[in-house]
Amino acid sequence: MRFTLLAGCSITLTFILTGCGPSSGSQPVLAAGTAQPNAAASTPPTTKGVIEVTLESVGLDPLALDRSVDPCSDFYQFACGKWLEQTAIPADEARWTRSFDEIRKQNELELQRILEQATQSATDPDTRKLGAYYGACVDEGAVDAAGARPLGELLEKIKRVRDKKALASVTTELHAQGIWPFFDISPVQDPRDASRWVANLDQGGLGLPDRDYYLRQDEASNKLRALYLGHVQRMLSLAGESEARAQAGARDVLQIETALAKVSKSRVERRDPKNMFNRWERPELQRAAPTFDWAGYLSTLGLAQVQDFNVTAPKFFDGLEVVLASSSSAAVRAYLEWHVVRSLARELSTPFVDESFKLEQALTGQAELRPRWRRCVDGTDDALGDLLGRAYVQRSFAGASKPAAEGLVHAISAAFGTELARLTWMDEPTRAQARQKLEAMAYLIGYPEKWKTYDFEVDRRAHLPNVLRARAFDLKRELFKIGKPVDRQEWQMSAPTVNAYYDAQRNHMVFPAGILQPPFYDVTSAAPVNFGAIGMVMGHELTHGFDDEGSQYDARGNLENWWSPEVSERFKEKTACVAEQYSRFEALPGLNVNGQLTLGENIADLGGVKLAFGAYRELRQTAPEQVSADGFDEDQQFFLAVGQAWCAKLRPEYERLMVQVNPHSPPRFRVRGPLSSSPEFAAAFSCPAGAPMLAEPACSVW
Ligand SMILES: [Zn+2]
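Every chain's residues receive numbers from 1 upward, in the order its sequence appears when written. The predicted nature of this model means local features are confined to residues of pLDDT at least 70 and side-chain atom pairs, given and counted, to a pLDDT of 80 or more, with totals for whole chains, interfaces and linings taken over all residues. Hydrogens are left out, water is left out, and the side-chain values use all remaining heavy atoms of the structure.

Novice: Got a minute to help me understand the overall build of the protein in this structure?
Specialist: For helices the rule is a DSSP run of H or I covering at least 4 residues; for strands it is a run of E covering at least 2, with both sets numbered from the N terminus onward. Helices and strands together make up the secondary structure of the protein, namely 28 helices and 14 strands. Expected size for 702 residues packed as a compact globule is a radius of gyration near 27 Å; at 26 Å, the protein falls within 12% of this value. Overall, the protein is about 85 × 60 × 55 Å in size when its C-alpha atoms are taken along their principal axes. Burial status follows relative accessibility: with a 1.4 Å probe on protein chains alone, a residue under 20% of its type maximum counts as buried, one over 50% as exposed, and anything between as partly exposed. Burial statistics for the protein: of 702 residues in total, 59% are counted as buried. Computed by Shrake-Rupley with a 1.4 Å probe, the accessible areas treat only the displayed protein chains as cover when residues are assessed. Taken as a whole, the protein presents about 27500 Å² of accessible surface, with 53% of it coming from carbon and sulfur. Counting 78 positive and 91 negative side-chain charges, the protein places the averaged centre of each group 4 Å from the other. To get the radius of gyration, use the C-alpha atoms; to get the globule rule, take the number of residues to the power 0.38 and multiply by 2.2 Å. A positive count includes Lys and Arg, and a negative count includes Asp and Glu. His and the chain ends are not counted in either. Charge coordinates come from a single atom per side chain, which is NZ of Lys, CZ of Arg, CG of Asp or CD of Glu.

Below, the structure is given as structure tokens:
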């Protein structure tokens with residue numbers, strides 16, 4: 001998986017291998033039909049009439065609730081308990097969520113229908129291309145019959161690597177096809193002038209999910225590395241190596257990757273943009289790693305004119321030189337061969353797919369491989385995202401959702417403005433800068449204005465060459481941006497994706513059509529429920545503009561400090577509270593959430609709930625009546641919607657992986673964290689002092 005320098009954060013992160021407390025004297029369980037009195041100073045007018053409806057009619061799931069749990073003791077369990085009891089993680093999934101994954105399942109079926117139809121009857125060239133790509137992918141017979149043959153040409157070239165020149169030229173050729181040994185190259189927005197693209201050179205070249213997998217010495221890590229060694233060996237055997245060479249090759253691979261891991265930055269170090277932007281001129285690159293033929297590399301990738309680079313991890317390139325200069329040709333050949341096989345195994349015949357899945361299984365606990373059609377829907381989305389996205393939007397995106405979602409974002413943005421005006425820890429100059437950034441923030445909803453085109457050949461009879469051409473085309477399109485102006489309207493997710501993101505360098509939020517569906521968003525749901533679900537997501541993305549990373553960028557997306565020193569100090573104290581609170585959450589026995597790794601996401605979750613609540617209250621202030629849903633008042637409905645959007649089951653292996661590499665906290669803490677610091681939550685459920693759902697101290701940033 002390539003980790004791009006997307007200076008922003010999605011609401012959830014799907015892991016791809018390539019990509020709570022005892023009750024103490026709190027109120028009794030909330031019984032149906034007994035709306036709790038609100039105790040907060042911000043209580044809405046109580047003189048309103050009350051309309052009685054059901055939970056279902058407002059968009060909540062009564063069957064997910066566990067009413068035997070005290071909401072002030074463990075609200076996540078209260079909102080999701082029965083759902084957790086009754087839901088089994090499908091055998092071919094590592095996790096299951098009531099929102100993201102349920103919607104994704106529906107989307108996949110819709111995309112499958114689109115693609116199946118495209119394979120059968122297509123009149124226009126775009127639909128034919130979709131049909132041919134998907135058709136070649138699902139043709140398991142043809143893929144199996146081809147075996148390892150489609151790799152032949154690449155593996156032959158690797159076999160001829162005897163010197164450093166050949167090493168550089170083969171590495172270049174692999175990069176050009178989206179296979180990433182040693183390091184990564186991509187465009188990145190210039191940190192000092194976000195309107196322009198520059199070339200970004202990044203650490204890379206690992207086969208395990210993170211550098212720490214190579215460096216940790218505990219028993220579980222040692223065991224996983226032993227498993228990895230066997231896996232690399234079997235993959236090299238499948239690629240045609242003799243038993244002895246595969247065994248020696250696997251040891252070489254682990255040695256090279258360990259050396260690269262040692263000079264790689266940690267995920268926490270990579271979260272600070274100041275660490276990630278280092279400008280190098282060409283001579284500096286040449287000096288750091290003289291063994292590599294940079295001139296040839298850049299020229300082949302169409303970057304002959306590029307003179308300056310952003311280098312994310314300068315020490316990595318010094319270390320790369322040591323690896324390149326000291327590794328034997330045989331070791332380098334094994335390493336390159338392994339990266340070809342690992343990168344393409346899932347597109348090859350069954351033995352490769354099965355072996356590739358074994359490592360994934362060890363890392364995520366997933367019991368079964370996904371059926372081929374699902375993998376091919378994903379693959380087609382990767383290769384031809386906007387062709388598929390356009391067809392999906394035409395068929396499935398209700399026109400009314402777009403203006404409705406725009407209205408919600410406006411309300412969230414206004415809520416941030418209101419909060420900003422009354423924050424006591426701000427001084428006026430910094431507040432004015434924050435307001436400027438808020439006003440400059442753009443949001444893109446549903447689908448892009450301009451769809452991408454895909455000018456490469458797709459052959460209905462041969463899957464792997466299609467994959468390589470798609471990757472090569474995509475990389476070319478990306479690298480072509482270098483030196484050119486940035487298009488702020490460009491999307492980094494396809495329209496069917498069930499996710500959203502904020503990009504700090506473009507200062508915009510993106511909400512694809514895929515996520516604008518129940519239970520996140522439904523035109524028929526009540527306002528508190530829509531705000532608790534999708535509103536929280538929107539508030540989350542907006543707050544990313546002001547989290548510990550986002551706050552380092554100004555309104556134009558430049559890495560520019562706009563904070564007065566005193567306010568900056570207070571901000572650090574506030575974010576330290578969040579880091580400490582989440583570090584106390586125990587995900588698995590002995591494994592706590594990493595408060596530093598997840599800091600930006602947790603700040604965004606805290607802000608997301610607060611902004612969405614403020615926006616919902618503002619909207620309902622003038623409503624003539626209060627709606628009571630099976631006894632839950634509107635504030636309570638809002639918090640139930642927050643909780644139920646995050647009902648999730650995770651396999652323990654997946655949760656362990658997530659805690660180690662994912663910047664998002666596990667779902668139950670995404671409910672517990674923000675709500676336990678929310679006075680509005682405590683008031684809505686009349687939680688008494690000392691209740692487990694009241695964080696001590698409560699944290700608040702925005
Ligand atoms: Zn996020």
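Novice: What am I meant to see in the pattern of salt bridges here?
Specialist: A side chain with one charge may pair with a side chain of the opposite charge, provided their charged atoms come close. Take a side-chain nitrogen of Lys or Arg and a carboxyl oxygen of Asp or Glu: if they are within 4 Å of each other, that pair is a salt bridge. With the rule as written, the count across this model stands at 45 salt bridges. With a shortest N-O distance of 3.3 Å, D503 and R506 are connected by a salt bridge. Residues D503 and R506 agree in their burial class; the two are buried. Through salt bridges that share partners, D92, E93, R95, D101, R104, E108, R370, R374 and D378 make up one connected network.

Novice: Looking at this structure, I do not really get the state of the cysteines. What am I missing?
Specialist: Cysteine sulfur atoms that pair up within 2.5 Å are treated as a disulfide. Within this structure, the stated rule accounts for four disulfides. What pairs with C137 in a disulfide is C376, and their sulfur atoms sit 2.1 Å apart. With the S-S bond torsion at -80 degrees, the cross-link from C137 to C376 turns out left-handed. On the criterion of sequence distance, the pair formed by C137 in helix 4 (residues 125–138) and C376 in helix 18 (residues 372–396) is long-range, its members being 239 residues apart. Residue class for C137 comes out buried when judged on its relative accessible area of 5%. Here C577 connects covalently by a disulfide to C699, the sulfurs 2.1 Å from one another.

Novice: Would you mind going over the pairing of strand 5 (residues 193–203) with me for this structure?
Specialist: With respect to burial, strand 5 is a largely interior element, eight of its eleven residues being buried. Paired strands, in this sense, are two strands between which DSSP finds at least two bridges. Sheet topology places strand 4 (residues 183–190) next to strand 5; eight bridges connect them, and they run antiparallel. Considered in strand 5, the bridge of D190 is made with D193. Between strand 4 and strand 5, which pair antiparallel in sequence order, lie two residues.

Novice: I keep staring at the packing of aromatic side chains and nothing clicks. Help me out?
Specialist: Each aromatic ring pair is characterised by the separation of its centres together with the angle its planes make. Side-chain rings of Phe, Tyr and Trp, where Trp is taken by its six-membered ring, are said to pair if the distance between their centres is within 6.5 Å; with planes under 30 degrees apart they count as stacked, over 60 as edge-to-face, and otherwise as tilted. Evaluated as defined, the whole model comprises 43 aromatic pairs. A ring pair is formed by F75 and F681, whose centres lie 5.0 Å apart and whose planes are at 75 degrees; its orientation type is edge-to-face. Here F75 is found in helix 2 (residues 75–86), whereas its partner F681 is found in helix 28 (residues 679–684), with 606 residues between them in sequence. Accessibility classification places F75 together with F681 in one group, the buried group. An aromatic cluster is defined as three or more aromatic residues linked by ring pairs; in this entry it consists of F75, F78, F613, Y616, F632, F638, F639, F681 and F685. Across the ring face of F456, the terminal group of K129 is positioned such that the distance to the ring centre comes to 5.5 Å. By the criterion adopted, a ring carries a charge over it if an Arg CZ or a Lys NZ lies within 6 Å of its centre and within 35 degrees of its normal. Here the guanidinium or amino end of K437 rests over the ring plane of F546, the centre of that ring lying 5.6 Å away.

Novice: Can you help me understand the sheet that holds strand 7 (residues 308–311) in this one?
Specialist: Strand pairing in a sheet relies on backbone hydrogen bonds. The paired strands run either parallel or antiparallel. Ordered in space as 4-5-7-6, the four strands form an open sheet in which the pairing is mixed. Both edges of this open sheet fall to strand 4 and strand 6 (279–281), since each of them pairs with a single strand only. Each adjacent strand pair in this sheet contributes to an overall mean axis angle of 40 degrees, direction not counted. The pairing of strand 5 with strand 7 spans three bridges and is classified as parallel. When the bridges of strand 7 are listed, A199 appears paired with F309. Lines are fitted to the C-alpha atoms to define the axes, a helix being fitted only along its stretch in contact, and any angle between axes, read from their N-to-C directions, falls within 0 to 180 degrees.

Novice: Can you help me understand helix 15 (residues 314–326) in this one?
Specialist: Residues lying three or four places apart along an α-helix face the same way, a consequence of the helix completing one turn every 3.6 residues. With 13 residues, helix 15 ought to run about 18 Å at 1.5 Å a step, and its terminal C-alpha atoms sit 19 Å apart, in line with that. Every buried residue belonging to helix 15 is among F316, F317, G319, L320, E321, V323 and L324, and all of these are buried. A helix is expected to span 1.5 Å for every residue after the first.

Novice: Mind showing me how you'd approach the nonpolar core here?
Specialist: In globular proteins that are soluble, nonpolar side chains generally tend to be buried together. Counting residues in hydrophobic clusters, the biggest one holds 208 residues, and the most contacted among them are F75, F182 and W702. For F75, the contacting residues outside a window of four places in its chain are F639, L640, G643, V671, L675, F681, F685 and M693. By convention a nonpolar core is built from buried Ala, Val, Leu, Ile, Met, Phe, Trp, Tyr and Cys residues, the set being connected through side-chain atoms within 4.5 Å. Membership of the second largest hydrophobic core comes to five residues, among which are L444, M493, Y501 and V510. Whether two residues are in contact is decided by their heavy atoms, any of which lying within 4.5 Å being enough.

Novice: Got a minute to help me understand the confidence of the model for the protein in this structure?
Specialist: The predicted coordinates should not be examined in detail at positions where pLDDT is low. Residue-level confidence of the predictor, termed pLDDT, takes values from 0 up to 100. For the protein, the mean per-residue pLDDT works out to 92, and 94% of the residues sit at or above 70. Within the model, pLDDT remains below 50 along residues 13–43, and this stretch shows 81 contacts once partners closer than five positions in the same chain are excluded.

Novice: Teacher, can you tell me more about the environment of E573 here?
Specialist: By the element assignment, E573 lies in helix 23 (residues 565–583). For the pair E573 and A132, spaced 441 residues apart in the sequence, the C-alpha separation amounts to 56 Å.

Novice: What am I meant to see in the packing of helix 17 (residues 350–364) against helix 26 (residues 652–661) here?
Specialist: Helix-helix packing is described using two parameters, namely the angle between the two axes and the distance between the axes. One way to put it is that helix 17 packs onto helix 26 with a least axis distance of 6 Å and a crossing angle of 80 degrees. In terms of orientation, helix 17 and helix 26 fall into the roughly perpendicular class. Between helix 17 and helix 26, the contacting residues are A362, L363 and T364 on the first element and E653, Y654 and L657 on the second. Grouping the amino acids of the contact of helix 17 with helix 26 by side-chain chemistry returns four nonpolar, one polar and one charged. Angular relationships are summarised with four words: roughly parallel below 35 degrees, roughly antiparallel beyond 145, roughly perpendicular across 65 to 115, and oblique for the angles in between. Only Asp, Glu, Lys and Arg are considered charged, only Ala, Val, Leu, Ile, Met, Phe, Trp, Tyr, Cys and Pro nonpolar, and every remaining residue, Gly among them, polar.

Novice: What am I meant to see in the environment of A513 here?
Specialist: Here A513 lies in the loop between strand 10 (508–512) and helix 22 (527–544). Classification of A513 as buried rests on a relative accessible area of 1%. When the C-alpha atoms of A513 and F397 are compared, they prove to be 6.4 Å apart, with 116 residues separating the residues in sequence. Once you skip the residues sitting within four places of it in the chain, A513 turns out to touch Y392, V393, F397, G446 and A495.

Novice: Would you mind going over the packing of helix 19 (residues 401–422) against helix 20 (residues 428–440) with me for this structure?
Specialist: Remark: helix 19 packs on helix 20, axes separated minimally by 10 Å, with the N-to-C direction vectors making an angle of 175 degrees. If you check the angle between helix 19 and helix 20, you find them roughly antiparallel. Listed contacts from helix 20 to S413, F416, G417, L420, A421 and R422 of helix 19 are R431, A434, R435 and L438. Looking at the contact of helix 19 with helix 20, its residues break down into five nonpolar, two polar and three charged.

Novice: What is the right way to read helix 2 from this model?
Specialist: Compared with the 16 Å implied by 1.5 Å per residue over twelve residues, the 18 Å span of helix 2 between its first and last C-alpha is a close match. Among all positions of helix 2, only F75, Y76, F78, A79, C80, G81, W83 and L84 are buried. Taken together, the buried residues of helix 2 touch strand 3 (95–97), helix 25 (634–645), strand 14 (648–650), helix 27 (667–676) and helix 28.

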